Amino acid sequence: MAMPVSGVPTETAGGPRQWGGVAQLPSGSALGRVGRAIRSNRKATVGTVLLVIFILIALFPWVIARDSPTQDAYTPQLGISTAHLLGTNHYGQDLFSQLVWGTRNVLIIAFAVGVATTGIAVLIGIAAAYLGGLWDGSLSVLTDVLLVIPLFPLLIIIAAYAHGGTTLVLIIAITLTSWSYTARQLRSQALTLRNRDFLEAARVRGERRLYIIVVEVIPTMTSLIVASFLTNALYAVLFASSLQFIGLGDPNTVSWGTTLYWAENNAALQTGEPLWAIAPGACIAVLGAAFALLNYAFDEVGNPALRPVRKIRQRKGAQMEGAQ
Amino acid sequence: MTSPPRAELLRAEHLTRHFKIGGALSHRTLHAVDDVSFTIGEREIVALAGESGSGKSTIARVLARIYQPTSGEIYFEGKPVSQIRSRRDRLRYSGLVPMVFQDPFGSMNPVFRVEHGVLRSLKLHRPELSAQERSAEAARVFEAVGLGADMRQRFPYELSGGQRQRVGFAQALAMRPKLILADEPVSMLDVSIRIGLLNLMAELRDTMGVSVLYITHDIASARYVADRLIVMYAGQIAESGPIEDVLASPRHPYTQLLLSAVPDPRAPLSAAGQADRGEPPKVIDPTPGCRFRWRCPLAIDTCATRTPVLAELAPDHDAACHVAQAGADQVKAFA
Amino acid sequence: MPDVPVLEVSGLCVDYVLDRGDVRAVDDVSFTLGRGEFLGVVGESGCGKSTLLFAVAQLLSPPARVAAGSVKFQGTNMVGMTDEQLAAIRWRDMSVVMQSAMNALNPVKSIGAQFKDAMKAHGAFSKDEIADRSAEVLRMVGIDPVHLKSYPHQLSGGMRQRSMIAMAMLFTPDLVIMDEPTSALDVVAQRSLMVQIKELQLSYGFAVIFVTHDMSLISHFSDQLMVMYAGQVDEFGTTRTVFDRPLHPYTQGLLEAFPSLRGPKVPLKGIPGNPPDLARLPAGCRFHPRCPHAVDKCAQVAPELVTLDEAFVRCLRRQDGSLPAEAGHEGSLSR
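1. A word on the overall build of chain A
In terms of regular secondary structure, chain A is built from 12 helices and zero strands. Reading the secondary structure of chain A in the N-to-C direction produces α-α-α-α-α-α-α-α-α-α-α-α. Here the contacts in chain A between residues at least 6 apart in sequence split such that 63% fall between residues at least 24 apart.

Structure representation (structure tokens):
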């Protein structure tokens, strides 16, 4: 059975111009499709590989870092060597171990905040859009109030009020201050979907409202929801590390932000231990990049118009091949 | 030529639907549908024709109970539709009077396989079926609309526009309907594909006894499938009757204008009504009088003061026009 | 001096550069358009007519590109021209009218402001000159110049399309390219707009390329007709020749897919199947899987476009005379 070619615009009589259909991926199991999408897009491949590496490090830190991160048994301020890949810090702790073991804390925060934020935003944003009326009004007011309050100062206040944040406090604080932005986004997109014919068809055949929201609306928004998750995870990493850096985290937790905190406390950059400050920063940057790359890749997979176009060489003024 | 009278399936009486427009403080109302009465019989295809803004889509949505009428009543199988309250009754009605939508690209959820809508319809409306029976029934309706049973597992983007519209009809058929409300089902399809769907509608009427309310702006396609024609203008019915009668001798000047504008490659372009720019009014807080009077070459004084009502001018053939009703046997406004 | 044709397209091929290989959307199209000639390009989804139009107007953007051929506008090949060179021609000598005015017009600027933009982009004019010319083109299309202050959403669909045409007429170009400008309009507005376009064309003598899917509409206005299918030209000739004696089975099928408003009511078939996937074309003739007259040879040999009587046709059986002359005429063109 002939199908329209994806990528080539097809016109319908008097109707909208379509890019050969809505989805661009071949049918098959969901996992198979995701796998193919990742392999075909360079950004996705790099992002996934990086993220997988970090996840593995977080799950099995003892595999690559033999030393305990907190034990200050070593000679302080050693440079890079095979025994200590990143040297030791002022207290004689192995820096490499600290970073490796710290990955766990960072990823826990990233994923927990990502899931919680996105979950709340989905509930509130999409329900507001679909239910409309008074529900929409009140939920939107709630969202907007939180949206307007400056994020970072609020975080500082919450963390300080909780007398220094354990990981759980950090997760809660960041979630509470981040969900509103995503909720707004999801609500906007859900509003555009509200009058799509397939939703009206579902209403007309007698589906209940909850069913429509959960089964018909939310699955069509997966790409925005996944993108939100990745964005929120990324910002969670940055915010958590920032809070830990300024001393609002628990200084005894092993994490990249706390390592930075101790590095700053001991003026690492000035006293000739630059790695102490730079290495955790680099880790944060690389993990952030992994999330960001995945985010771009997801956008491109979902919306083919964003994909990089092969540069078509056209020499100015010259004839095209075979022309006359 | 009149066909034997059909049993009445649906009757609309003085159906009106207004919309408030403007902000919360405005008092303006859009009269989308005003005092419309018609019947649809069993085993018949009624074409509801008109331009954009004529109210035809609003009527479909009122019949589908997407909108409540502002006033007036709908009787389905003799019983008033406004009395339908319980979820069971509502489900029953929506199964007997389902809707097929215009946009083949928007009428199916892209995330699910195409059988999703059919299976859900079956689950909701025929709960006595087991999962296996549902699957068999889905296969049956897919075959009935001319799609192979193997197409059920496809995704919407793999289907062409015509195939998607057939799935739309399959979804309606799964509920064993009596009346299908087809809102411009072929307008967005290629010309060569339209005929296939029009033939399908005729087949549904002939072999399954399903009635169809075929909403369209294309009168030629209406002629091809429909038994009766209702012409709407500015929220009101201008003319209605057996389709051949209406097309052969249109009584209302608007009908004549519409017919003269339809391009027919077999005939030279009609000069009649060429000055008309085709701009039907948006009916906001209208005054009494015929809404077509500003474009009508035959308008008389009464047309500005009294709103015309539908009256029978020939057997079963009604028109709402003062001049036509005044007894002029052949009103020729645009001929 | 010999009359240089306004447009001479030669062997034009347009490819879409995709990851899995190039897809040829327009395959070897050639035609000539003289001064004041009206060419209708007819075809359905995926036939390449809009791509062809964009290629002629030099509006292709990646991943589409001209792979071969030339587009000579008044003797000069536009393919390969720089943007500066094209800017000199655009709007002054050649203009474009798009399908949907709501998409093409800027919704936040008044009509007059958009006319001003267009004029300033292509020459230095004083405020008065701009105002005068803007009012003049609006009057040309039958709109009161007071609407220069209106925003697009304040105008009706027909008036918006007319403003698009007025904008295209700002410099009375030699060639106006139109991409289905009437398809979003109702039938009366459509007829009115087409008549207006034709009147303008006859008064100002510009050539027109008009792309549409509605063959019956274009039949009254075009001088030449080009039927496209799957990226190729399948038939080409004067409008009357193509309508009275359609040579290609696809053209015949298309003509038969229009139910007639007058004359006997006959059951129609349309054209079974769907247009082919341009990335996976059938061997031999691209239309043969859907052709009622296909024979074995049609699946093996790809036909060329050759002259036959006064038309061009791409059909093996037509070319070797094995197709009976009356094939496909049943019921379609009886006058």
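Picking up after the structure, the text goes on.
2. Considerations on the overall build of chain C
Per the secondary structure count, chain C includes 11 helices and 12 strands. The globule rule puts the C-alpha radius of gyration for 335 residues at 20 Å, and the 21 Å found for chain C is close to it. Projecting the C-alpha coordinates of chain C onto the three principal axes gives extents of approximately 65 × 50 × 45 Å. Counting over 335 residues, chain C shows a buried share of 52%. A sequence separation of at least 24 residues applies to 66% of the contacts in chain C between residues at least 6 apart.

3. What to know about the sheet that holds strand β4 (residues 71–76) of chain B
Residue and element names in this part refer to chain B. The strand order across the open sheet formed by four strands is β2-β1-β4-β5, and the pairing between neighbours is antiparallel. Looking at the sheet topology across the chains shown, the edges are occupied by β2 (29–41) and β5 (79–80). Summarising the sheet, β4 and β5 pair through two bridges and their orientation is antiparallel. Looking across to β5, one finds that Phe-76 is bridged to Lys-79. Lying over the sheet, helix α1 (residues 56–63) contacts β1 (8–20), β2 and β4, oriented at roughly 65 degrees with respect to β2.

4. Focus: helix α5 (residues 133–148) of chain A
For α5 of chain A, which comprises 16 residues, the first-to-last C-alpha distance of 22 Å matches the rise-based estimate of 22 Å (1.5 Å per residue) to within 8%. Burial of α5 of chain A is sparse: only one of the 16 residues sit out of reach of the surface.

5. Here we look at the sheet that holds strand β8 (residues 211–216) of chain B
Residues and elements named next belong to chain B. The strand order across the open sheet formed by eight strands is β6-β7-β8-β3-β9-β10-β12-β11, and the pairing between neighbours is mixed. In this open sheet, the two edge strands, each paired with only one partner strand, are β6 (99–100) and β11 (311–314). Relative to strand β12 (residues 317–319), strand β10 (residues 236–242) is paired through two bridges, and the arrangement is antiparallel. Pairing of Glu-239 across the sheet is with Ala-319, part of β12. Sitting on the sheet, helix α6 (residues 191–208) touches β3 (45–49), β7 (179–183) and β8, and the angle it makes with β8 is about 155 degrees.

6. Some details on the interface of chain B and chain C
Taken together, the contact between chain B and chain C spans 32 residues of the former and 34 residues of the latter. For the side of chain B that touches chain C, the elements supplying multiple residues, two or more each, are α6, α7 (219–225) and α9 (253–261) of chain B. For the side of chain B that touches chain C, the leading source of residues is α6 of chain B, giving six residues. Partitioning the side of chain B that touches chain C into residue classes produces 15 nonpolar, eight polar and nine charged.

7. Here's the deal with the packing of helix α4 (residues 95–131) of chain A against helix α10 (residues 222–245) of chain A
All names here are of chain A. Axis separation between α4 and α10 bottoms out at 8 Å; the angle between their running directions is 135 degrees. When the axis of α4 is compared with that of α10, the two are oblique. Once α4 is placed against α10, the crossing between them reads as right-handed. Contacts from Val-106, Ile-109, Ala-110, Phe-111, Val-113, Gly-114, Thr-117, Thr-118, Ala-121 and Val-122 of α4 reach α10 at Ile-225, Ser-228, Phe-229, Asn-232, Ala-233, Ala-236, Val-237 and Ala-240. A breakdown of the residues in the contact of α4 with α10 according to their chemical character gives 13 nonpolar, five polar and no charged.

8. What to know about the pairing of strand β3 (residues 38–42) of chain C
Residues and elements named next belong to chain C. With five of five residues buried, β3 lies mostly within the body of the structure. Burial along β3 is two-sided: Phe-38, Gly-40 and Val-42 facing one way and Leu-39 and Val-41 facing the other are all buried. Sheet analysis places β3 next to strand β8 (residues 207–212), joined by five bridges and oriented parallel. Across the sheet, the residue bridging to Gly-40 is Phe-210, located in β8. Sheet analysis places β3 next to strand β9 (residues 224–229), joined by four bridges and oriented parallel. Considered in β9, the bridge of Val-41 is made with Met-226.

9. Focus on the confidence of the model for chain A
All names here are of chain A. Confidence along chain A averages 77 in pLDDT terms, with 80% of residues attaining 70 or more. Taken as a whole, residues 1–27 scores under 50 in pLDDT and shows 70 contacts with residues more than four places along the chain or in a different chain. Long-range and interchain partners of residues 311–324, a stretch whose pLDDT sits below 50, account for 19 contacts in this model, where long-range means more than four residues apart.

10. Points about the nonpolar core
Judged by nonpolar contacts, the single largest core of 278 residues is most densely connected at Ala-47, Leu-213 and Tyr-214 of chain B together with Ile-209 of chain C. For this core, the element with the highest residue contribution is α4 of chain A, accounting for 18 residues. Ignoring anything within four residues of it in the chain, the contact list for Leu-213 of chain B reads Ile-40, Val-46, Leu-48, Ala-60, Leu-179, Leu-181 and Ala-182 of chain B.

11. Things to note about the environment of Leu-39 of chain C
Mapping Leu-39 of chain C onto the fold places it in strand β3. In contact with Leu-39 of chain C, other than residues within four places in its own chain, are Phe-31, Leu-33, Val-208, Ile-209, Phe-210, Ser-222, Gln-224 and Met-226 of chain C.

12. Describing the environment of Val-141 of chain A
Residues and elements named next belong to chain A. Position of Val-141 relative to the elements: it lies in helix α5. According to the C-beta neighbour criterion, Val-141 is exposed, with 10 such atoms within 10 Å. Considered as a pair, Val-141 and Val-46 are 95 residues apart in the sequence and their alpha carbons are 40 Å apart.

13. Things to note about helix α7 (residues 187–204) of chain C
If you check α7 of chain C, its first and last C-alpha atoms are 26 Å apart, about what 18 residues at 1.5 Å a residue would give, namely 26 Å. Those residues of α7 of chain C lying buried are Val-187, Val-188, Ala-189, Gln-190, Arg-191, Ser-192, Leu-193, Met-194, Ile-197 and Leu-200 of chain C. At its buried positions, α7 of chain C is contacted by α9 of chain B together with α5 (127–140), α6 (157–168) and α8 (215–218) of chain C. With its phi angle positive at about 70 degrees, Gly-205 of chain C sits one or two positions after the end of α7 of chain C.

14. A word on the pairing of β1 of chain B
Residue and element names in this part refer to chain B. Note that β1 and β2 share nine bridges and pair antiparallel. Across the sheet, the residue bridging to Arg-17 is Val-33, located in β2. Bridge count between β1 and β4: five bridges; the pairing is antiparallel. Paired with Thr-16 across the bridge in β4 is Ser-71.

15. Section: the environment of Ser-219 of chain C
All names here are of chain C. Structurally, Ser-219 is set in the loop between α8 and β9. Ser-219 gets classed as buried once you count the C-beta atoms within 10 Å, which come to 24. Put simply, Ser-219 and Phe-54 are 165 residues apart on the chain and 23 Å apart in space, counted from C-alpha to C-alpha.

16. Regarding unusual backbone geometry
Following Pro-62 of chain C, the chain continues into Pro-63 of chain C via a peptide bond in cis, with omega recorded as 5 degrees. Following the sequence through the fold, Pro-63 of chain C ends up in the loop between α1 (49–56) and β4 (64–73). Positive phi values are uncommon outside glycine, yet Arg-43 of chain B reaches one of about 50 degrees. Along the chain, Arg-43 of chain B turns up in the loop between β2 and β3.

17. Observations regarding the confidence of the model for chain C
Residue and element names in this part refer to chain C. In this model, chain C carries a mean pLDDT of 87, and residues with pLDDT of at least 70 account for 96%. Note that pLDDT drops below 50 for residues 327–335; the model gives that stretch 12 contacts with residues more than four away or on any other chain. Our summary of model confidence lists the complex with pTM equal to 0.83 and ipTM equal to 0.84.

What counts as what
- Residues numbered from 1 in each chain as written.
- Chains lettered and ligands numbered in written order.
- Predicted model: local features only at pLDDT ≥ 70, side-chain atom pairs only at ≥ 80, totals over all residues.
- Helix = DSSP H or I, 4+ residues; strand = E, 2+ residues; numbered from the N terminus.
- Contact = placed C-beta atoms within 7 Å.
- Rg over C-alpha atoms; globule rule 2.2 N^0.38 Å.
- Buried ≥ 20, exposed ≤ 12 C-beta atoms within 10 Å, placed from the backbone.
- Pairing = 2+ DSSP bridges.
- Axes fitted to C-alpha atoms, helices over the stretch in contact; angles between N-to-C directions.
- Expected span 1.5 Å × (residues − 1).
- Nonpolar A, V, L, I, M, F, W, Y, C, P; charged D, E, K, R; others polar.
- Parallel < 35°, antiparallel > 145°, perpendicular 65-115°, else oblique.
- Left-handed = near helix turned anticlockwise from the far one by under 90°.
- pLDDT = per-residue confidence, 0-100.
- Core = buried A, V, L, I, M, F, W, Y, C linked by C-beta atoms within 7 Å.

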